[in-house]
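Listed here are the chains, written in short residue letters.
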Amino acid sequence: MAETTISTAAARRSFFGRFNLEVRGHMPMGQQMLVVAAGIMLGLLISAMLLVVSGVKPSGLVNEFVVAIFTSRRNVAAVLSYAAPLTVVGLAAALAFKARFWNIGLEGQVILGAIGATLVANHDFGPPALRLVIMALAAMAAGILWIGLPLFLKIKLQVNEIISTLLMNYIAFNLLLHLLYGPWKDPQSAFPNSKLFDDVERLMPIGWQNLNLALPIAVLLVLMAAWLLGMSRYGFLLNFVHANARMARALGIRIVGLTLLFALASGALAGFGGFIISTGIESRLTQSFFVGYGFSGILIAFLARNNPFAVAFFAILVAVLMVAGQSLQVFYQIPFAMVQLIQAIIVICVAASEFFIHYRLRMVE
Amino acid sequence: MDFVVNWLANVPGFAVPFALAALGLIICEKAGVLNLGAEGYMLVGAMAGAGVMLSLDVHPLAALAVSALAAGLLSLLFALLVIALRVNQVISGLVIVFFAQGLTALIATSQGWTNRAFSGLQDLNFGVLSSLPGVGRIVFQQDLMVYLTIVIFAVVVHVLRATHVGMRLRAVGENPEAADAAGVPVGWYRTGAVVVGCMLIGLAGGYLSVAVSKIWVDGMSGGRGWIAIALVIFARWQPWPALAGAVLFGCIEALIPRMAAIGLQLPQYFVLMLPYVVTLAVMVWTSLSANRRSGQPAALGQPFVREERR
Amino acid sequence: MNAIMGHMRGTVRRGPDGADVPPALVLAGISKTFGDFAALSDVDFDLRPGEIHALLGENGAGKSTLMNIVAGIYTPDSGRVAIKGQPVAIRGPSDAQQLGVGMVHQHYKLVKPFTALENILLAHPGGSFRAARSRLEALTKDALDRIGFDVDLNRTVETLSISEQQRVEILKVLVAGATIVILDEPTAVLTDDEAVRLFKAIRSLAMEGHSIVLVTHKLSEALNYADRITVMRGGKVVRTVLPTEVTEAELTELIVGSAISERSHRAGKAGKPVLKLRAVERSDSRGGKLRNLTFDVRAGEIYGIAGVGGNGQNALVEVITGLSRVDAGNMWLDAHGDVTNQPSDRMRRSGIACIPSDRHSDAIAGELRIADNYAISGVIEGRYGSVARVDRRGIAADTQDAIRRFEVMGVRGPYQKAGLLSGGNAQKLVIAREFSGKPSLIIAHSPSRGLDVRASAAVHEHLRAARDRGAGVILISEDLDEVLVLADRIGVMNRGTIVAEFEAPADRQMIGRAMVGHG
């Protein structure tokens, strides 16, 4: 029987007819990690071939991805400064996915977070000493606001959140353009940017290269997420909502409450990510500051299987891609879209490799 | 009056991409495959069509054919993931969108296709009919694809409802175990539905670049793929209501440039939000109306494994 | 290979005209494993033309797996199949169909929104759509008349009753021209009357020359309706016998192996009511309706609820566990007063435990650890650590203890995935969890469905122990034997209400009449 493709007609002729597809009961954790690692390696290999086809010499690959990044402090710092917001957004995705809420609207929430923070900065709201804290809170509130509507529609009316959160991205983007081309445009700039933040409105440096507070905050958030998911009672209950929602309901777990908690936390984190990017990297609101974060956050959470520590790991991997992508752009004229493509390729390979975790092919006579 | 004629005359052009994409999605989903990658197939179709127009001297219809083929090719990757390897259909659909975004931007940039205008598909002229006042412009001055879209709808509706293939396809989406037991090759039917459906979605994307904007811009599908997904839910997986929904969105999109033309001073970017806001409203309306689940294929999104045992 | 063919030839019979009539079906040396589990090992089986052959055994004996191989659903790891004396390879359902094999599965394989005729058409394409449609309609009507069935072919399957759906399945098989018809537990969902009608139809099929395999776990069916009986146990064939040459007791021993006899009914000491339902109404059609439902469950008794599935049993479970609200009526719990429409976590805290009918979707999270599955109800109730920190060490210790006390087998440790447990052991884990809160009321819905005799005896023993401890137990089961062996009092549920109550020992016939009555 052609279990790989289910077809019986094909079975008679094809090579697949020789195999049986079986559901695997369980694969030890170590083996699972090996399979995933193999998937990542395959993705990297395909990506490397793609880059070579696009005109990068193999020696150039080694240079840009390994030598340049790990031998230069500046590049290590650049990787870490990208990794911080990527981690935060990845955690946001992981919290929502764990609650089975497909928050595809991370990008919109990041944008709103940055808008919230900039709103506070533009109006110099609150004492300077607390300005950053207020900006962060405003960013989180804006992120919550932006996930709130799809969340409400999902819980009250069962409106599919994948599409509603996605539509909210486009609405957020148009809102951003409206602000940047209209009321918030910096008159001193030829570009659609908001005016630069004051010094008190930027994250303080931590004294190594150009790194700022974003990095330790991201580490702290990883630990907090690990506690919430791995040690707290909420995380314990959420595991059941994730693994078997019917059972959770039958046992009387308050699914709606947990979903609310984790989805709102997801929106808040994404908004906070917008705060980190605008105050820590760009120091102003621009029309493309957010590009790639929302999308990478989703992929990072998927690769990490919603595990906070793995989120940090994959965030660093994606950050390496982003930094290397920038220099490929400069030296080889490779469009930056390549970075997005490579991430997608890696995820496809990992997703495909998971087949071997769940199923086993067996030869039959 | 002029305003109305101008407006309505533009509706079909804006409605066709929604209509074709929704129809393609219906074919996939009737076979039980949740296809969230519509945005990606539209991008691939749009870029392929624009690329052909810019680099080869062929008829725009040939470019549209390439749009469909390109999307069909990409859909094989999706089919491999969700049908053969049984990867989660939500993740697979999303990653296809990301993949297509990266791929189209990469190819178009490296080939220098971005932001270059070309002469695309032109409107037909039916002589006297086309010069009828009002009606002539609205009904008889459209491009060939507008009329073909209606034909495609009629064909798909017929195939789904009154042929063996259509019935088997619906059975695969409703109850793959039953279809399998009846000897229907579930995997091949699903693969076929995905490829054909995605070709239609690619055609929708190709129409955007080849017939509507006559230019390629990165990310030019602008969320229409997602709106098409919402349209399918709104239409309860039925083609004709989906066409009606597509016309509704065509009306809204055609209205946006008109409003500026008649000097209505609304903030530009808020006007541009309109299709997304309306889509949200339509989704709310759909879920508020009675028996909202009706029409959804019962096995939508579920991979099929014959030798599952527990 | 020679040996196998020799075996096949050995079963050839002489026909009335002296010519060789090969057996309709021969299976030789069939083996099949799922992962580490050997579902079938070296099974031989033969089916004669025109006979009704019962394939008898407990759940999990391998009967369905064996027949699924014949139907092309599974491929065997090894072994040979011959049909009408010809060795064949069955690689899929369509192969089976071409070879004249038709199987009516236990879970009907029908497309719900399609009409009965469309479902039949699905399996038999050919020619133009319209032509095929009218050709099949005629064929089906003909088959309907021949075996005395009555089904409206133009109604959608979702509007047909269970027994009508079964008839559609049988028609599908007949229209396909099947000469070998396999029926997998055909009476599991039928009333006694419907079952009798079904067997009449089956006999007329056999008279027409069809060869029929009747897969069943019910002794009486095999003894009363089969020409030959093959008994399977643990993935092997035990013996093939004639119904005239065995007694029920002998057959039981063949099925079970070393005979396990369950202690039959033993009255507990009933106390005052722990649960009272008064005139409960629920109109939500999901899970069935309840109307004017009134009954008491006393401490220290097992209250059995007998009835054909789909008569409101699921709704009853949902109402008592607080998962769904009632439209009218009241519910009282001893020591907690009126608990009508309280949320499910509150009901659990009030001492209600539930063993749901579908444990894999409602009671076990297969991806999670055994320990987590055991401790979840405790965690919900606020045991095991604080909000900030779940006491994993305490959970592991308690789980170890529960695994030992409830004899959950096949466990290497508390951190193993629960999905790896077999059906019976998963059920023991559910019971261990549900009993861990010392509940005063236990509602068990088909607690031994899908379990072998040993495991169900263990489950029953646990329910008795809970009763003897003073808890009230509600046992909902479609298996009348289970109700009769366990319950101290029996209520019969029919169309959303209790239509009759009986004190044990109750009369089987009277219960059966109440189950299907319309009064």
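Residues numbered from 1 in each chain as written. Chains lettered and ligands numbered in written order. Predicted model: local features only at pLDDT ≥ 70, side-chain atom pairs only at ≥ 80, totals over all residues. Heavy atoms only, no water.

**Some thoughts on helix α9 (residues 233-243) of chain A**
In terms of burial, α9(A) is a largely internal element, nine of the 11 residues being buried. Three or more residues of α9(A) are buried, namely Arg233(A), Gly235(A), Phe236(A), Leu237(A), Leu238(A), Asn239(A), Phe240(A), Val241(A) and His242(A). Its buried side turned inward, α9(A) meets α4 (73-98), α8 (214-230), α10 (245-250) and α11 (255-282) of chain A together with α13 (370-380) and α14 (392-405) of chain C. (Buried < 20%, exposed > 50% of the residue type's maximum accessible area, 1.4 Å probe, protein only. Helix = DSSP H or I, 4+ residues; strand = E, 2+ residues; numbered from the N terminus. Contact = heavy atoms within 4.5 Å.)

**Side note on the sheet that holds strand β15 (residues 302-306) of chain C**
One key point about sheets: their strands pair by backbone hydrogen bonds, in either a parallel or an antiparallel sense. Residues and elements named next belong to chain C. Here six strands make up an open sheet; going across it, the order is β18-β19-β20-β15-β21-β22 and the pairing mixed. Strands at the two margins of the open sheet, each flanked by one partner only, are β18 (352-355) and β22 (497-503). Between one strand and the next, the sheet's axes are offset by a mean angle of 20°, whatever the strand orientation. Here strand β19 (residues 441-445) runs beside strand β20 (residues 472-477); their pairing, made up of five bridges, is parallel. Across the sheet, residue His445 finds its bridge partner in β20, namely Ile476. Together, β15, β18, β19, β20 and β21 (489-494) form the strand contacts of helix α10 (residues 313-320), whose direction differs from that of β19 by roughly 155°. Sheet contacts for helix α15 (residues 423-436): β18 and β19; angle to β18, the most-contacted strand, approximately 175°. (Pairing = 2+ DSSP bridges. Axes fitted to C-alpha atoms, helices over the stretch in contact; angles between N-to-C directions.)

**Remarks on the interface of chain C and chain B**
With 31 residues of chain C at the contact, the number on the chain B side is 23 residues. For the pairing of chain C and chain B, the buried interface totals around 2,100 Å² over both sides, and the portion due to carbon and sulfur atoms is 63%. Scanning the region where chain C abuts chain B turns up zero salt bridges. Joining chain C to chain B, the criterion identifies one residue pair in polar contact (both at pLDDT 80 or more). Listed by contribution, the elements that provide at least two residues to the side of chain C that touches chain B are β3 (25-34), β4 (37-47), α3 (93-98), α4 (116-123) and α5 (129-147) of chain C. No other element matches the four residues that α4(C) contributes to the side of chain C that touches chain B. Taken together, the residues of the side of chain C that touches chain B break down into 17 nonpolar, 10 polar and four charged. (Buried area = accessible area lost by both parts, 1.4 Å probe. Salt bridge = Lys/Arg side-chain N within 4 Å of Asp/Glu carboxyl O. Polar contact = N/O pair within 3.5 Å; in protein donor to acceptor, adjacent residues only side chain to side chain. Nonpolar A, V, L, I, M, F, W, Y, C, P; charged D, E, K, R; others polar.)

**Quick notes on the interface of chain B and chain A**
Taken residue by residue, the interface counts 55 residues in chain B and 49 residues in chain A. When chain B packs against chain A, the two sides together hide about 4,700 Å² of surface, and 78% of this comes from carbon and sulfur. Our count for the chain B to chain A interface comes out at four residue pairs in polar contact (both at pLDDT 80 or more). For the side of chain B that touches chain A, the elements supplying multiple residues, two or more each, are α3 (60-84), α4 (89-111), α9 (186-213), α10 (224-234) and α12 (268-288) of chain B.

**What to know about a nonpolar patch on the surface**
All names here are of chain B. Together, Leu124, Phe126, Leu129, Leu132, Val135, Val139, Leu144, Leu148, Val151, Val155, Val159 and Val165 line one region of the surface with nonpolar side chains, adding up to about 870 Å² of accessible area. Of all the elements, helix α6 (residues 144-162) adds the most residues to the nonpolar patch, at five residues. By the element assignment, Val155 lies in helix α6. Judged by its relative accessible area of 47%, Val155 falls in the partly exposed class. (Patch = residues over 30% accessible without salt bridge, like charges linked within 9 Å, V, L, I, M, F, W, Y side chains within 5 Å. Areas by Shrake-Rupley, 256 points an atom, 1.4 Å probe, with all protein chains shown as cover.)

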